[in-house]
Amino acid sequence: MNQKNNNPDDVLIKVRDLSFSRGSRKIFDGIDLDIQRGKVTAIMGPSGTGKTTLLKLIGGQLRPRQGAIEVDGRNVHKLRRSALFELRKRMGMLFQSGALLTDLSVFDNVAFPVREHTQLPEALVRDLVLMKLEAVGLRGARDLMPSELSGGMARRAALARAIVFDPMMIMYDEPFTGQDPISKGVLVELIHKLNEALGLTSVVVSHDVSETAAIADYIYVLSGGKVVGQGTQEQLTESDSAWVQQFMNAEPDGPVPFHYPAQDYVEDLMNGGQN
Amino acid sequence: MLWLRRLGRSGLNFFERLGRGHLFFFSILSGLPSLVPRGHLLMQQLFSVGVLSFLIILVAGLFVGMVLGLQGYNTLVDFGAEESLGVMVALSLVRELGPVVTALLFAGRAGSALTAEIGLMKATEQLSGMEMMAVDPVKRVIVPRFVAGMFSMPLLAAIFSAVGVMGGFVVGVGLLGVDDGAFWSQIQDRVDFYDDIVNGVIKSMVFGVVVTWIALFEGYDAVPTSEGVSRATTRTVVHASLAVLGLDFVLTALMFD
């Protein structure tokens, strides 16, 4: 990692006063985030807190109601479509499902952005694709179709596709969800290695505390549209916020109640068939 | 007052969707030049939209023609005009039944498949994924399918009409004993190239554009869940069929007044 990456002021993604709603439901209510260049930043929180929405906002697929998101010094939502597309070529995104194109083989999926954006000769495309597939360990699976891949393999293939242009950053949307322990381990290792080897900036959105904490340099914890905690793993474990403690230690009850709001239990049972 | 509020809301939803549909149509039109370097995608789509609809069109055309032969003969024979069976079958097919029935079958076969395909691509984040790779899904996915639909429909309608005439011939001349010279020569004499055939082709092109547009929009606008995609597929068939029948009336009034 070069000297520049260790500069604490070197922020790649700056989120300021971000608010976003879906219908009448507020997803974000004035949040601020800084994502350091060259680091792995985790954004954690329970399901439904809008973690994926945040990635879509950063990628410019959704527009905020209020606030600004700057990526590499450029306000994503003020860019023209062509400039936004240029910026996206330097952003990789790994979707939760992998989002591989189902009618193309693994090889063609990884080659897809290259063929769309460049006129490189086919021999060069082949070399490039094989290098990326080798990096994720799927060079031998190049001829398989997405339907023949396991969930973990699909995510690795999608990862190869996301890094095919050596982007400046990658956003991982729930990379560990629904994976067996071996696949989880492989993905943790890959995210960590890619970040080191390519000097990438990684944003990992997840609710898998242990896997994410193992690779994250900095963690933001979101809940109820706000940032409820932030810091390194050590700082968060020592946090005095009951909320952060519940989340980091996976306690079933706490500030986030186990029970969905309901009337009194005994009263409800005694009600005798009447709602 | 509740019903008034509901009415207002569904009215707003309707116009909002109509607006989105038209914006979508304009984005397809502005994306048309992007098809030039992607000829292979058009070929693939011509296959899946056009060639795969071929069999149903062939069989339906044959039977519709045979039924026209039977029904037409029964009516015409009372007036001693069974010689005109050929021209009756040909005109019915070329002007009306060819474009309309083909468009209805096309909406059921190709339209529903397009909606389901695009809707599932949306539900599995493939379209979002493309956008994040800085590839415009309208240009890459929608435009080739649109152009394929636009060209396939008139060709399928022409095949439908041609096979239908053959069906009418088999029944009228083969089974019912109409003179085959009269059958063909009346067709040759009375079917006008511009008034009948060209107008029929224009009709089928319009239907092709409308059916494909509705199918693609429904898929692109679908709620990205399995229920949303199934609803969108149903809507494609219903809306496209109604649009075809409504437009057929308007076009017929304009063309054959």
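What you see is a predicted model; the values in this text were computed from it and never measured.

Let us now look at the overall build of chain B. Scanning chain B from N- to C-terminus turns up 9 helices and 0 strands. Moving toward the C terminus, one meets the helices and strands of chain B in the order α-α-α-α-α-α-α-α-α. In chain B, which comprises 257 residues, the share counted as buried stands at 47%. Considering only intrachain contacts with a sequence separation of at least 6, the fraction spanning at least 24 residues in chain B is 84%. Of the roughly 12,400 Å² that chain B leaves accessible, carbon and sulfur atoms contribute 70%. Charged side chains of chain B number 16 positive and 20 negative; the gap between the two group centres comes to 18 Å.

For chain A, the helix and strand inventory stands at 10 helices and 10 strands. Taking 2.2 N^0.38 as the reference for a compact globule, 275 residues should give roughly 19 Å; the C-alpha atoms of chain A span a radius of gyration of 21 Å, in line with that estimate. Across its three principal directions, the C-alpha atoms of chain A cover 75 × 45 × 35 Å. A buried classification covers 50% of the 275 residues belonging to chain A. Contacts in chain A between residues at least 24 apart in sequence constitute 62% of all its contacts with a sequence separation of at least 6. Each charge sign in chain A was given a centre, from 30 positive and 34 negative side chains, and these centres are 9 Å apart.

We now examine the interface of chain B and chain A. Listed by partner, the interface residues are 15 residues for chain B and 22 residues for chain A. When the two sides are added together, the surface that chain B and chain A hide from each other amounts to roughly 1,700 Å², 56% of it contributed by carbon and sulfur. The tally of links from chain B across to chain A stands at 3 salt bridges. Residue R140(B) pairs with E116(A) through a salt bridge whose shortest N-O separation is 3.0 Å. For the interface between chain B and chain A, the tally reads 10 residue pairs in polar contact (both at pLDDT 80 or more). The element contributing the most residues to the side of chain B that touches chain A is helix α5 (residues 126-132) of chain B, with 6 residues. By residue class, the composition of the side of chain B that touches chain A is 6 nonpolar, 4 polar and 5 charged.

Once that is clear, we can look at a nonpolar patch on the surface. Residues and elements named next belong to chain B. On the surface, F151, F193, Y194, I197, V201 and M205 cluster together into a nonpolar patch covering about 580 Å² of accessible area. With 5 residues, helix α8 (residues 193-220) is the largest single contributor of residues to the nonpolar patch. Structurally, the position occupied by Y194 is in helix α8. For Y194, a relative accessible area of 59% corresponds to the exposed category.

All names here are of chain B. Taken as a whole, this structure holds 11 aromatic pairs over all chains when the rule is applied. When the centroid spacing of 5.6 Å and the interplanar angle of 55° are considered together, the rings of F24 and F217 count as tilted. Placement of F24 in helix α1 (residues 2-31) and of F217 in helix α8 is noted, with a sequence separation of 193 residues between them. There is no split in this pair, since F24 and F217 are both buried.

Attention shifts here to unusual backbone geometry. Residue and element names in this part refer to chain A. In this structure, D17 is a non-glycine residue whose phi angle is positive, near 50°. Here D17 lies in strand β1 (residues 11-22). Unusually for a residue other than glycine, A99 sits at a positive phi of about 55°. Mapped onto the elements of the fold, A99 is located in the loop between β6 (91-94) and α3 (106-117).

On to the confidence of the model for chain A. Residue and element names in this part refer to chain A. When pLDDT is averaged across chain A, the result is 86; 96% of the residues are at 70 or more. For chain A, the element scoring lowest by mean pLDDT is helix α9 (residues 242-248), at 80; α3 scores highest, at 94. Ignoring residues within four places in sequence, the model shows residues 1-6, a span with pLDDT below 50, making 7 contacts including any to other chains.

This next bit is on the sheet that holds strand β5 (residues 74-75) of chain A. All names here are of chain A. Spatial ordering of the open sheet is given by β2-β1-β4-β5, a layout of 4 strands whose pairing is antiparallel. Two strands close off the open sheet at either side, each with one partner strand: β2 (25-36) and β5. As judged from the 5 bridges shared by β1 and strand β4 (residues 66-71), these two strands associate in the antiparallel manner. Looking at β4, one finds that V15 is bridged to I69. Here helix α1 (residues 51-58) sits on the sheet in contact with β1, β2 and β4, set at roughly 120° to β1.

Before going further, it helps to spend a moment on the layout of surface pockets. Looking at the largest pocket, its volume works out to about 1,100 Å³. Top element by residues in the lining of the largest pocket is helix α2 (residues 81-88) of chain A. It accounts for 4 residues. Considered as a void within the structure, the second largest pocket measures approximately 640 Å³ in volume. Considering the residues around the second largest pocket, the lining is formed by 22 residues, among which F112(A), R115(A), E116(A), R38(B) and R140(B) are closest to the centre. Mapped onto the lining of the second largest pocket, the elements with two or more residues apiece are α2 and α3 of chain A together with α2 (39-50) and α6 (137-175) of chain B. With 5 residues, the top contributor of residues to the lining of the second largest pocket is α3(A).

Quick notes on the rules
Residues numbered from 1 in each chain as written. Chains lettered and ligands numbered in written order. Predicted model: local features only at pLDDT ≥ 70, side-chain atom pairs only at ≥ 80, totals over all residues. Heavy atoms only, no water. Helix = DSSP H or I, 4+ residues; strand = E, 2+ residues; numbered from the N terminus. Buried < 20%, exposed > 50% of the residue type's maximum accessible area, 1.4 Å probe, protein only. Contact = heavy atoms within 4.5 Å. Areas by Shrake-Rupley, 256 points an atom, 1.4 Å probe, with all protein chains shown as cover. Lys, Arg positive; Asp, Glu negative; His and termini not counted. Charge placed at Lys NZ, Arg CZ, Asp CG, Glu CD. Rg over C-alpha atoms; globule rule 2.2 N^0.38 Å. Buried area = accessible area lost by both parts, 1.4 Å probe. Salt bridge = Lys/Arg side-chain N within 4 Å of Asp/Glu carboxyl O. Polar contact = N/O pair within 3.5 Å; in protein donor to acceptor, adjacent residues only side chain to side chain. Nonpolar A, V, L, I, M, F, W, Y, C, P; charged D, E, K, R; others polar. Patch = residues over 30% accessible without salt bridge, like charges linked within 9 Å, V, L, I, M, F, W, Y side chains within 5 Å. Phe/Tyr/Trp six-rings, centres within 6.5 Å; stacked < 30°, edge-to-face > 60°. pLDDT = per-residue confidence, 0-100. Pairing = 2+ DSSP bridges. Axes fitted to C-alpha atoms, helices over the stretch in contact; angles between N-to-C directions. 1 Å grid on protein atoms, 1.4 Å probe; cavity = no way out; pocket = protein on both sides within 12 Å on 5 of 7 lines; lining within 4 Å. Points joined across faces, edges and corners; volume = space filled by probe spheres on them.

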